[in-house]
Amino acid sequence: QVQLVESGGGLVQPGGSLRLSCAVSGSTVTSIIMGWFRQTPGKAREFVAAISPDRATYYGESVKRRFTISRDSTENTVSLQMNMLKPEDTGIYYCAGGITLILGRPSRVTSWGQGTDVTVSS
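Right, let's walk through the structure included here. (Residues numbered from 1 in each chain as written. Predicted model: local features only at pLDDT ≥ 70, side-chain atom pairs only at ≥ 80, totals over all residues. Heavy atoms only, no water.)

1. Describing the overall build of the protein chain
Where we set the bar: Working definition: helices are DSSP H or I runs of at least four residues, strands are E runs of at least two. Numbering for both runs from the N terminus. With C-alpha atoms as the basis for the radius of gyration, the globule rule is written as 2.2 Å multiplied by the number of residues raised to the power 0.38. Only protein chains enter the calculation, and the probe is 1.4 Å; a residue is then buried if its accessible area is under 20% of its type maximum, exposed if over 50%, and partly exposed in between.
Check the secondary structure of the protein chain and you find zero helices and 13 strands. Secondary structure of the protein chain in N-to-C order comes out as β-β-β-β-β-β-β-β-β-β-β-β-β. Computed over its C-alpha atoms, the radius of gyration of the protein chain comes to 13 Å, within 12% of the 14 Å expected for a compact globule of 122 residues. Its C-alpha atoms give the protein chain principal-axis dimensions of about 40 × 30 × 25 Å. Of all 122 residues assigned to the protein chain, the portion counted as buried reaches 45%.

2. Observations regarding the nonpolar core
Rule in force here: The set of buried Ala, Val, Leu, Ile, Met, Phe, Trp, Tyr and Cys residues whose side-chain atoms join them within 4.5 Å is what this entry labels a nonpolar core. Any pair of residues with heavy atoms lying within 4.5 Å of one another is described as a contacting pair.
Counting residues in each nonpolar core, the largest one holds 26 residues, and the members touching the most others are M34, W36, L80, M82 and Y93. Counting only elements with at least two residues in this core, the list comes to strand 3 (18–25), strand 4 (34–39), strand 5 (46–51), strand 7 (67–72), strand 8 (77–82), strand 9 (91–97) and strand 13 (116–120). Considering each element in turn, this core owes the most residues, four residues, to strand 3. Those residues in contact with L80 that sit more than four places away from it in its chain are L18, R19, L20, W36, V48, A49, F67, T68, I69 and Y93. If you look at the next biggest cluster of nonpolar residues, it comprises eight residues, including I33, F47, A96 and I99.

3. A closer look at the side chain of S111
Along the chain, the position of S111 falls in strand 12 (residues 111–112). The contact partners of S111, leaving out residues within four places of it in the chain, are V2, L4, C95, A96 and G97.

4. Section: the state of the cysteines
As a reminder, the rule being used: To count as a disulfide, a pair of cysteine sulfur atoms needs to be within 2.5 Å.
For the structure shown, the criterion picks out one disulfide. There is a disulfide in this structure between C22 and C95, and the S-S distance comes to 2.1 Å. Taking the sign of the S-S torsion, about -85° here, the bridge from C22 to C95 comes out left-handed. Residue C22 is located in strand 3, and its partner C95 is located in strand 9; the two are separated by 73 residues in the primary sequence.

5. Regarding the environment of S111
The class of S111 is buried, set by a relative accessible area of 9%. Separated by 71 residues in the primary sequence, S111 and T40 place their C-alpha atoms 20 Å from one another.

6. Examining the pairing of strand 7
The condition is simple: Should DSSP find at least two bridges between two strands, the strands are taken to pair.
By the alternation rule, side chains of strand 7 split into F67, I69 and R71, which are all buried, and T68, S70 and D72, of which none is buried. The pairing of strand 7 with strand 8 spans six bridges and is antiparallel. By the bridge assignment, T68 is partnered in strand 8 with Q81. Where strand 7 folds back on strand 8, the antiparallel hairpin that results is connected by four residues, among which N76 adopts a positive phi of roughly 60°.

7. Concerning the sheet that holds strand 3
Here is the rule we go by: Every axis corresponds to a line fitted to the C-alpha atoms, with the helix fit spanning only the stretch in contact, and the corresponding angles, defined between N-to-C directions, vary from 0 to 180 degrees.
Overall, antiparallel pairing links the four strands, which are arranged 1-3-8-7 in an open sheet. Either end of the sheet is taken by a strand with one partner, and the two such strands are strand 1 (3–7) and strand 7. Direction aside, the axes of adjacent strands within the sheet are offset by 20° on average. Sheet analysis places strand 1 next to strand 3, joined by five bridges and oriented antiparallel. Residue L4 lies in a different strand from strand 3, and its bridge partner there is V24.

See below:
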């Protein structure tokens, strides 16, 4: 069973940066598609980014050119570097493992982390 533990959330001002990390156990980040989703109150969970075993990356439209997903096979972690943050980026960010992508869009997720809170506010 894949277990995911996020860290790195917090409060940041608009225009600032934040880096989230997800520690993975029960699988390796080089063998499954890993990614991030986020959720705000009253909205459906939104796809943010994913990285495949061959290092192909995929992003949601609202975060393209601002967020970067990466992985560290030595540490078995997946990270999300978030730059130029906006208030609308506020939400709970979830690490996801075992993502199935169809035409670059997620259709199924096998494992979820517990989430980490990101607040963008002045």
